[in-house]
Amino acid sequence: MIIPRTVRPLLLALALAAATAPAWSAVPKDMLVIGKAADPQTLDPAVTIDNNDWTITYPAYQRLVKYKVDNGKGSTDVEGDLAEKWQASDDGKVWTFTLRKGPQFDDGTPVTADAVKLSFERLMRIKQGPSEAFPAGLKIEVIDPQTVRFPLPDAFAPFLHTLANDGASIINPAVLKAHADDDARGWLAQNTAGSGAFKLQRWQKGQQLVLVPNPHFDGSKPAFKRVTVKIIGESAARRLQLTKGDLDIADALPVDQFSALKKEDKVAVHDYPALRITNLYLNNSKPPLNQVELRRVISWATDYQGMVNGILGGNGKQLRGPIPEGMWGYDSGAMQYSLDMNKAKAALEKVADKPKTLSFLYSDNDPNWEPIALSTQANLQALGIQVKLEKLANATMRERIGKGDYDIAIGNWSPDFADPYMFMNYLFASDKKGLPGNRSFYANAAVDKLLGQAASSSNQATRTKDYQAAQKVVIDEAAYVYLFQKNYQVAMNKSVQGFVFNPMLEQIYNLAQMHK
């Protein structure tokens, strides 16, 4: 179509006005629309360890305890959710919980101690990722309809905090009974059966998931009559729909798009300190990276600040060891590596078996991983070490890491519960090698002893001392390259109010308290 010249200035003016105008809400006040990159993998709380899935499951279920909100900010401390009160025995081995009266599943049946028992027994029976957070051999006893007891095989200091994890969600026994043939795994993979503020109404794969209020929820009535999670694979499309007002929240955008949104000032971009960390895995279990000096070479040849400032756009900070700032047990005085090629060369002189080539595995699961791999490759090449980059499908990369079939690999780690156990015992205990957590296949008997002491003590000061002693060793031995902790960013329509970010719950929204 040919546009008359006299009309063109008007159209240009309208286009510029549209580009600079604030986002207006095309979504009704009593509805919320969230844009995410991908469908959930599963909605079964006993199976999923993916925060992308938890966007749906966390508001649909309740747990014995939940994370506190202190002065409008998310806390890593816990308070009662389904539990009204609890007590632990003096030796920390027996925990007894009294349930509140009132909570009901979305079919109107009450939440009882039997539901708690059945949910945990199913969790431990299925033995998927979420069960890793709990002691092996976990037992559950029903004392009466409102009282449940957990006799632990050994004292386990993080136990109370594990109960706020998505895997500790309490499931409606009626659903478990109706779908007993496969332990309800098929049904729960695609539906919800909880007592939370919302329930899944429908799921159109590749398009959207729709949540509606649980009519039997015993808390305050949610402001939203419907919450829609739209699946929009392209980040640019999520950003465009947000600025147009077709989305209220855009999830998982690249750093440069958040920066652009801040400059446009049409929507609100929130930045929150988070506990998600990124490490380089160094395979300690086989040559040549079983040599501590070679691991130190890589640690000194890593451009930490270049990654934080260049790749993250300043949206993060270099780690000081395995425990990130914001988690108790963090050691502000711990030794920190920096880019120092002279120290890298000095360490290389001490390496008995100098490698000519090292492999580096990564995937496109995180857009930051490739530039990190390229930076590592360039710096080690300057030392005479060639790095062979292998870009794999994420599932293939995880399989290789689980087998220890690599020299260097990369990964992110977020805690499942608010305790240093998540960063220390998982990443360094010799009984968690491979995908369970210790992905560098590190082993040190003295560190194992410190980790065991910290996990069994109920005294936080004692636990901090043990964890910091262990940190000193694993930093010195360069078990991993401790890269950075990245801030969490989310973009929202400015009309959305009441969101409280919790560092334990990335990609999870407190839907029951949010409003416009």
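Structure shown above.
In this text, all values refer to a predicted model and were calculated from it rather than measured experimentally.

Engineer: How would you explain the overall build of the protein if you had to name every residue and give the values?
Structural biologist: Looking only at helices and strands, the protein has 16 helices and 19 strands in total. Taken against the 2.2 N^0.38 rule, which gives 24 Å for 516 residues, the C-alpha radius of gyration of the protein at 25 Å falls within 12% of a compact globule. In terms of overall dimensions, the protein has a C-alpha envelope of 85 × 70 × 45 Å along the principal axes. Across the 516 residues that make up the protein, the buried fraction comes to 53%. Across the protein, contacts joining residues at least 24 apart in sequence account for 69% of those joining residues at least 6 apart. Across the protein, the centroid of the 59 positively charged side chains sits 4 Å from that of the 55 negatively charged ones.

Engineer: Go over helix H3 (residues 113–126), please, and point to the residues and values.
Structural biologist: Residues lying three or four places apart along an α-helix face the same way, a consequence of the helix completing one turn every 3.6 residues. Between its first and last C-alpha atoms H3 spans 20 Å; for 14 residues at 1.5 Å apiece the expected length is 20 Å, and the two agree. All of the buried residues along H3 are Ala113, Ala115, Val116, Ser119, Phe120, Arg122, Leu123, Met124 and Ile126. Where H3 is buried, its residues touch strand E5 (94–99), strand E6 (141–144), strand E7 (147–151), helix H5 (173–178) and helix H6 (185–188). Positioned one or two residues after H3, Lys127 has a phi angle of 60°, which is positive.

Engineer: Lay out the sheet that holds E6 with the relevant residues and their values.
Structural biologist: Strand order in this open sheet of four strands is E4-E5-E7-E6, and the pairing throughout is antiparallel. Only two strands of the sheet have a single partner each, and these edge strands are strand E4 (83–88) and E6. The average angle at which neighbouring strand axes cross in this sheet is 20°, direction not considered. Strand direction decides the pairing type here: E4 and E5, joined by five bridges, are antiparallel. Across the sheet, the residue bridging to Lys85 is Thr98, located in E5. The strands that H3 touches are E5, E6 and E7; relative to E7, the one it contacts most, it runs at about 30°.

Engineer: Would you mind going over the pairing of strand E17 (residues 408–413) in detail, with residue names and values included?
Structural biologist: The buried count for E17 comes to six of six residues, which makes it a mostly enclosed element. With burial as the criterion, each face of E17 is covered, one bearing Ile408, Ile410 and Asn412 and the other bearing Ala409, Gly411 and Trp413. Here strand E13 (residues 277–282) runs beside E17; their pairing, made up of six bridges, is antiparallel. In the sheet register, Tyr281 faces E17, and the bridge partner there is Ala409.

Engineer: I'd love a proper account of the environment of Gly219, names of residues and values included.
Structural biologist: Residue position: Gly219 is located in the loop between strand E9 (208–213) and strand E10 (226–231). Separated by 293 residues in the primary sequence, Gly219 and Ala512 have C-alpha atoms spaced 8.7 Å apart.

Engineer: How would you summarise the sheet that holds strand E18 (residues 480–486) if you had to cite specific residues and measurements?
Structural biologist: Taken in spatial order, the six strands line up as E14-E18-E13-E17-E15-E16 in an open sheet, and their pairing is mixed. Because the sheet does not close on itself, it has two edges, and the strands there are strand E14 (316–318) and strand E16 (386–391). Averaged over all pairs of adjacent strands, the angle between their axes in this sheet comes to 25°, without regard to strand direction. Across five bridges, the pairing between E13 and E18 is antiparallel. Bridge pairing in E18 links Ile277 to Gln485. Helix H9 (residues 292–300) rests against E13, strand E15 (357–362), E17 and E18 of the sheet, and its axis sits at about 30° to E18. In this fold helix H12 (residues 369–381) packs onto E13, E15, E16, E17 and E18, with an angle of close to 165° to the strand it touches most, E16.

Engineer: Tell me about the pairing of E5, residues and numbers included.
Structural biologist: Between the antiparallel neighbours E4 and E5 lie five residues, among them Gly92 with a positive phi of about 75°. Where E5 lies against E7, five bridges are found, and the strand directions are antiparallel. Within E7, the residue paired with Val94 across the bridge is Pro151.

Engineer: I'd like a description of the packing of aromatic side chains, backed by residues and values.
Structural biologist: Within this structure, the stated rule accounts for 21 aromatic pairs. Between the aromatic rings of Phe97 and Phe150, the centroid separation amounts to 5.8 Å while the plane-to-plane angle is 90°, which identifies the pairing as edge-to-face. Separated by 53 residues along the polypeptide, Phe97 in strand E5 and Phe150 in strand E7 bring together distant segments of the chain. Taken together, a centroid distance of 4.9 Å and an interplanar angle of 10° make the contact between Tyr488 and Phe501 stacked. Of the two residues, Tyr488 is situated in strand E19 (residues 488–492) and Phe501 in the segment after E19; the sequence distance between them amounts to 13 residues.

Engineer: Quick one: what's the story with the side chain of Asn425, residue by residue and with numbers?
Structural biologist: Along the chain, Asn425 falls in helix H14 (residues 421–428). With a relative accessible area of 5%, Asn425 lands in the buried category. Polar side-chain contacts of Asn425 include one of 2.6 Å to the side chain of Tyr467. Not counting the four nearest positions on each side in its chain, Asn425 is found in contact with Pro420, Lys432, Leu451, Ala455 and Tyr467.

Engineer: Report on helix H2 (residues 51–60), specifying residues and quantitative values.
Structural biologist: Burial analysis of H2 places 10 of its 10 residues in the buried class, which makes it a mostly covered element. Summarising the contacts, the buried residues of H2 are in contact with strand E1 (31–36), strand E2 (65–70), strand E8 (198–204), E9 and E10. Where H2 begins, the side chain of Asp50 points an oxygen toward the backbone nitrogen of Asn52, at a separation of 2.8 Å.

Thresholds, definitions, all that
- Residues numbered from 1 in each chain as written.
- Predicted model: local features only at pLDDT ≥ 70, side-chain atom pairs only at ≥ 80, totals over all residues.
- Heavy atoms only, no water.
- Helix = DSSP H or I, 4+ residues; strand = E, 2+ residues; numbered from the N terminus.
- Rg over C-alpha atoms; globule rule 2.2 N^0.38 Å.
- Buried < 20%, exposed > 50% of the residue type's maximum accessible area, 1.4 Å probe, protein only.
- Contact = heavy atoms within 4.5 Å.
- Lys, Arg positive; Asp, Glu negative; His and termini not counted.
- Charge placed at Lys NZ, Arg CZ, Asp CG, Glu CD.
- Expected span 1.5 Å × (residues − 1).
- Pairing = 2+ DSSP bridges.
- Axes fitted to C-alpha atoms, helices over the stretch in contact; angles between N-to-C directions.
- Phe/Tyr/Trp six-rings, centres within 6.5 Å; stacked < 30°, edge-to-face > 60°.
- Polar contact = N/O pair within 3.5 Å; in protein donor to acceptor, adjacent residues only side chain to side chain.

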